[in-house]
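Single-letter residue listing:
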Amino acid sequence: MTYRFVDHTGDIAVELVAESERTLFAEAVRALCAILVDCEESSLETHTEHWVSLDAEDGESLLVDFLNELVFLFDSRRFLPMELHVHELCVDGVARLHATVFGDTFDADRHRFLTEVKAATFHDLKIDRLSSGLKTTVVFDL
Amino acid sequence: MAHNWNEHLRLERLTATSWRIPRTGPMKVDGLVYADDALMTELRGDKCLQQVANVACLPGIVSPSIGMPDIHWGYGFPIGGVAAFDLDDGVISPGGVGYDINCGVRLLSTRIRRSEVQDRVPPFVRQLFENVPTGLGRGRRDLRLSKSDARRMATGGAAWAIERGFGQAGDLDHIEEGGALPGADFDLVTERAFERGRRQLGTLGSGNHFVELGYVDEIYEPTIASRIGLAPDGITVIVHTGSRGFGHQICDDNLRTMQKVAQKYDIYLPDRQLCCAPISSPEGRHYLGAMACAANFAFANRQLITHWVRETVEQAWGMSAREHGVRVVYDVCHNIAKIETHKVGGVPRRVCIHRKGATRAFPPYHPEVPAAYRNVGQPVLVPGDMGRYSFVLVGHPGSPEHAFASSCHGAGRRLSRKKALHATRGRRIAAELEAQGIHVAAASRRTIDEEFPDAYKDVRDVVDVVDAAGLARKVARLRPLGVIKG
């Protein structure tokens, strides 16, 4: 499973490739953290955790809602998301996620801030099923 | 319907500065893009033309779906997009305004001449960087927002800030909508939006937001420049920021609702980010009431920063208010939806205009142009990149006939952030700018690299098209001396 930043003129786009829904969502967490802070030049520790429980009409909406929940937590509580422990994840029919997100509390002395994120968007969003797993590209508004 | 209908759009030249995208597939109206040959060459490789066509598919759109010369690929609507919708049959789309509701620009003029302060720019930039929280910085300690404050701020906008001592009553005369969009209803704002925004009032943010100290280096229309308070070599300040997390969350909350109602209202969406609801529907009215609260947060935010710019001039340069004479030239919204009256086919019609990365440009004698500017037109502020220049224009007498009296909003990116980082690897952009006499202070070095001048089109090319197309008239050019960024 991987994430990589791909070109987008106005904002930032991240391509996520994973074997399963669980790893796709986990990869999305790592990508968001890498947009917010320089992971290589920050001392990151999983000090804190947040419980996330979401329902959505499909997998794409669930992914966007989940990422925007994390954007909210960073903006309002300085929670830097790092790892995802999924308790329940279903993307067929009514999509559902119950999970614990582990992360750090942003601290300018330990973390090199990169940029604020306004939101994850629905722009051209589709979770594609490949023979080897799943692939999608999420555009974030910065 | 073929899902790839928008991949091979035709482009027909209309004039030297405008192009038509003829209606095809599910498009309800044509697209219209303002660009000259050089700008169009760059646009052909960008997905923004598809986005103009996608917007043309939305219900009740009044012809045409428009792209400004600074248009570039956004999410949902293009950045630099203008679209008007019929009040009865049309829709309102939170994605057509964007997350940063009422992101906008305010221009301040002064009585100070460049020669008086040219050698004292670094202390000004340092003091400004201290006075205006940037990046992830929370709001100032002297500004705490309680729930009841937020309620008053959401309807009062810039006037709320002035009542709290941040500015002068006269500032309100030169702000779009007088600094408060009507129709704001704080009861439509979620607890999450309040929580996200409460510590961010009076902060600049990161990305392309900035406060820039500069001077008037060229004047094209001396009479108009003088009327709006711009003199040769006069010191100016540009403030570019918006509604911060408060607006982002209001957009997100309403997008979530509207994702669920496309089916209910039988709306075809070529891109889910374009989700929308009829203007008169409960969901549409809900969004408009909440959006106005965010717009007013942004007006208050730019008002607070204006006050701190005045403080900075006094602290760094030891000038009194009488000596510096900092006044608001004008304040424009870049990301907004508004109900306006425009002639369509020669008949006045009330429409809901979405301007996403575009500026209103009312002509001379329009009733909403401030009294002092009535016979010259509404000022249009077009910031460029931090190394070159910015422009001040005014609405052209013929502007209502074009683009629903709208103009461009900036230079428009030409390089993605990723390409900008690649292009600046191994360079020290802040030092390069300093060598040109431009002093930069930023919360993050990465922001300076991502925002380096060549990441943007030359804003002169953009405003030349705006001027030639009859959207707005060039009045003056400003050059930067110092910039603070997030």
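Here, the structure is the one placed above.
Going along each chain's sequence as written, the residues are numbered from 1 onward. For naming, the first written chain is A and the first written ligand is 1, with later ones following in the order written. Note on the predicted model: pLDDT of at least 70 is required for a residue's local features to be given, and 80 or more for side-chain atom pairs to be given and counted; whole-chain, interface and lining totals, by contrast, use all residues.

### Looking at the overall build of chain A
- Numbering of helices and strands starts at the N terminus; helices are DSSP runs of H or I of at least 4 residues and strands are runs of E of at least 2. Along its length, chain A carries two helices and eight strands.
- Ordering the α and β elements of chain A from the N terminus gives β-β-α-β-α-β-β-β-β-β.
- Each of the three principal axes of chain A carries a C-alpha extent, and together these read 45 × 35 × 25 Å.
- Residues classed as buried in chain A amount to 50% of the 142 residues present.
- Throughout, a pair of residues is in contact if the C-beta atoms placed from their backbones lie within 7 Å. Taking the intrachain contacts of chain A between residues at least 6 apart in sequence as the baseline, contacts between residues at least 24 apart amount to 67%. Counting other C-beta atoms within 10 Å of each residue's C-beta, where C-beta atoms are placed from the backbone, gives the exposure class: buried for 20 or more, exposed for 12 or fewer, partly exposed between.

### Comments concerning the overall build of chain B
- Broken down by element type, chain B carries 15 helices and 19 strands.
- Computed over its C-alpha atoms, the radius of gyration of chain B comes to 21 Å, within 12% of the 23 Å expected for a compact globule of 486 residues.
- Along the first, second and third principal axes, the C-alpha atoms of chain B reach 65 × 50 × 50 Å.
- Within the span of chain B, comprising 486 residues, buried residues form 61% of the whole.
- Long-range contacts, defined as pairs at least 24 residues apart, comprise 78% of the intrachain contacts of chain B with a sequence gap of at least 6. Atoms counted for the radius of gyration: C-alpha only. Globule rule: 2.2 Å times residue count to the power 0.38.

### Examining the sheet that holds strand E4 (residues 79-90) of chain A
Residues and elements named next belong to chain A.
- A sheet is described by the order of its strands in space; here three strands give the open sequence E3-E5-E4, paired in antiparallel fashion. Only two strands of the sheet have a single neighbouring strand rather than two, namely strand E3 (48-56) and E4. Across the sheet, the mean angle from the axis of one strand to that of its neighbour is 25°, orientation sign disregarded.
- Relative to strand E5 (residues 95-105), E3 is paired through nine bridges, and the arrangement is antiparallel. Its bridge partner being in E5, Leu54 is matched across the sheet by Leu97.
- To get an axis, fit a line to the C-alpha atoms, keeping to the stretch in contact for a helix; angles then go from 0 to 180 degrees between the N-to-C directions. Sheet strands in contact with helix H2 (residues 59-77) are E3, E4 and E5, and its direction is about 145° off that of E3. In this scheme, strands are said to pair when DSSP sees at least two bridges between them.

### Focus: the packing of helix H4 (residues 121-131) of chain B against helix H10 (residues 282-317) of chain B
Residues and elements named next belong to chain B.
- Closest axis-to-axis distance for the H4/H10 pair is 9 Å, and the angle between their directions is 140°. One way to sum up the angle between H4 and H10 is to call them oblique. Viewed along their axes, H4 and H10 form a crossing whose handedness is right-handed. Residues Pro123, Phe124, Gln127, Leu128 and Asn131 of H4 touch H10, and the partners they reach there are Trp308, Glu311, Thr312, Gln315, Ala316 and Trp317. Each angle receives one of four descriptions, namely roughly parallel if under 35 degrees, roughly antiparallel if over 145, roughly perpendicular if within 65 to 115, and oblique otherwise. A crossing counts as left-handed when the near helix is turned anticlockwise from the far one by less than a right angle, and as right-handed when that turn is clockwise.

### Observations regarding unusual backbone geometry
- Residues Ser63(B) and Pro64(B) are joined by a peptide bond in cis, for which omega reads -10°.
- Tracing the backbone through its elements, the reader meets Pro64(B) in strand E4 (residues 61-75).
- Here the phi dihedral of Asp124(A) falls at roughly 50°; this positive angle occurs in a residue that is not glycine.
- When you line up the elements, Asp124(A) lands in the loop between strand E6 (119-120) and strand E7 (128-130).
- By C-beta crowding, Asp124(A) is classed as partly exposed, having 18 other C-beta atoms within 10 Å.
- Despite not being glycine, Asp266(B) has its phi angle at roughly 55°, a positive value.
- Looking at the secondary structure, you find Asp266(B) in the loop between helix H9 (244-259) and strand E10 (277-278).

### Thoughts on the sheet that holds strand E1 (residues 12-15) of chain B
All names here are of chain B.
- Spatially, seven strands are ordered E1-E2-E3-E4-E5-E13-E12 in an open sheet, and the strand pairing comes out mixed. At either margin of the open sheet sits one strand with a lone partner, and together these are E1 and strand E12 (335-344). Neighbouring strand axes in the sheet, compared pairwise and without regard to direction, differ in orientation by 30° on average.
- By the bridge criterion, three bridges tie E1 to strand E2 (residues 18-21) in an arrangement that is antiparallel. Across the sheet, residue Arg13 finds its bridge partner in E2, namely Trp19.

### Comments concerning the interface of chain B and chain A
- Of the residues lining the interface, 36 residues belong to chain B; the matching set on chain A comes to 29 residues.
- Those elements that provide at least two residues to the side of chain B that touches chain A are E4, helix H7 (191-197), H9, helix H12 (417-423) and helix H14 (445-450) of chain B.
- The element contributing the most residues to the side of chain B that touches chain A is H9(B), with six residues.
- When residues are grouped by polarity, Ala, Val, Leu, Ile, Met, Phe, Trp, Tyr, Cys and Pro land in nonpolar, Asp, Glu, Lys and Arg in charged, and all others, Gly among them, in polar. Here the residues of the side of chain B that touches chain A sort into six nonpolar, 15 polar and 15 charged.

### Considering H2(A)
- Expected span, for any helix, means 1.5 Å times one less than how many residues it has. For H2(A), built from 19 residues, the straight-helix expectation of 27 Å at 1.5 Å per residue is met to within 8% by its first-to-last C-alpha distance of 26 Å.
- Backbone geometry just after H2(A) places Arg78(A) at a positive phi near 60°.

### With respect to helix H15 (residues 459-468) of chain B
Residues and elements named next belong to chain B.
- Among all positions in H15, only Val459, Val462, Val463, Val465 and Val466 are buried. In an axial view of H15, the angular spread of the buried residues amounts to 155°, which keeps them on one side of the axis.
- A positive backbone phi angle near 80° is found at Gly470, which sits one or two residues after H15. Here the arc refers to the directions that run from the helix axis out to each C-beta atom.

### Examining the environment of Tyr330(B)
Residue and element names in this part refer to chain B.
- One can find Tyr330 in strand E11 (residues 327-333).
- Put simply, Tyr330 and Val380 are 50 residues apart on the chain and 8.0 Å apart in space, counted from C-alpha to C-alpha.
- Contact partners of Tyr330, with chain neighbours within four places excluded, come to Leu107, His174, Pro379 and Leu381.

### Some points on the pairing of strand E9 (residues 234-241) of chain B
Residues and elements named next belong to chain B.
- Along E9, eight of the eight residues are buried, which leaves the element largely enclosed by surrounding structure.
- The alternating pattern of E9 places Gly234, Thr236, Ile238 and His240 and Ile235, Val237, Val239 and Thr241 on opposite faces, both of which are buried.
- As paired strands, strand E7 (residues 104-113) and E9 are joined by seven bridges and run antiparallel to one another. Across the sheet, residue Leu107 finds its bridge partner in E9, namely Ile238.

### Considering the packing of helix H1 (residues 21-36) of chain A against H2(A)
All names here are of chain A.
- The geometry of H1 relative to H2 is characterised by a closest axis approach of 11 Å and an angle of 35° between their N-to-C directions. In the packing of H1 onto H2, the handedness of the crossing is right-handed. Each of Phe25, Ala28, Val29, Leu32 and Leu36 in H1 lies in contact with H2, whose residues at this interface are Leu63, Phe66, Leu67, Leu70 and Phe74.
- In terms of residue class, the contact of H1 with H2 is built from 10 nonpolar, no polar and no charged.

### Things to note about the environment of Leu145(B)
Residues and elements named next belong to chain B.
- Looking at the secondary structure, you find Leu145 in the loop between H4 and helix H5 (147-156).
- Counting along the chain gives 235 residues from Leu145 to Val380, while the straight-line C-alpha distance between them is 31 Å.
- Residues in contact with Leu145, not counting those within four places in the same chain, are Ala150, Arg198 and Leu201.

### Things to note about the environment of Gly229(B)
Residue and element names in this part refer to chain B.
- With respect to the element layout, Gly229 can be found in the loop between helix H8 (222-227) and E9.
- Residues Gly229 and Pro348, spaced 119 residues apart in sequence, show a C-alpha to C-alpha distance of 33 Å.
- Among residues more than four places away in sequence, those in contact with Gly229 are Ser109, Arg327 and Val329.

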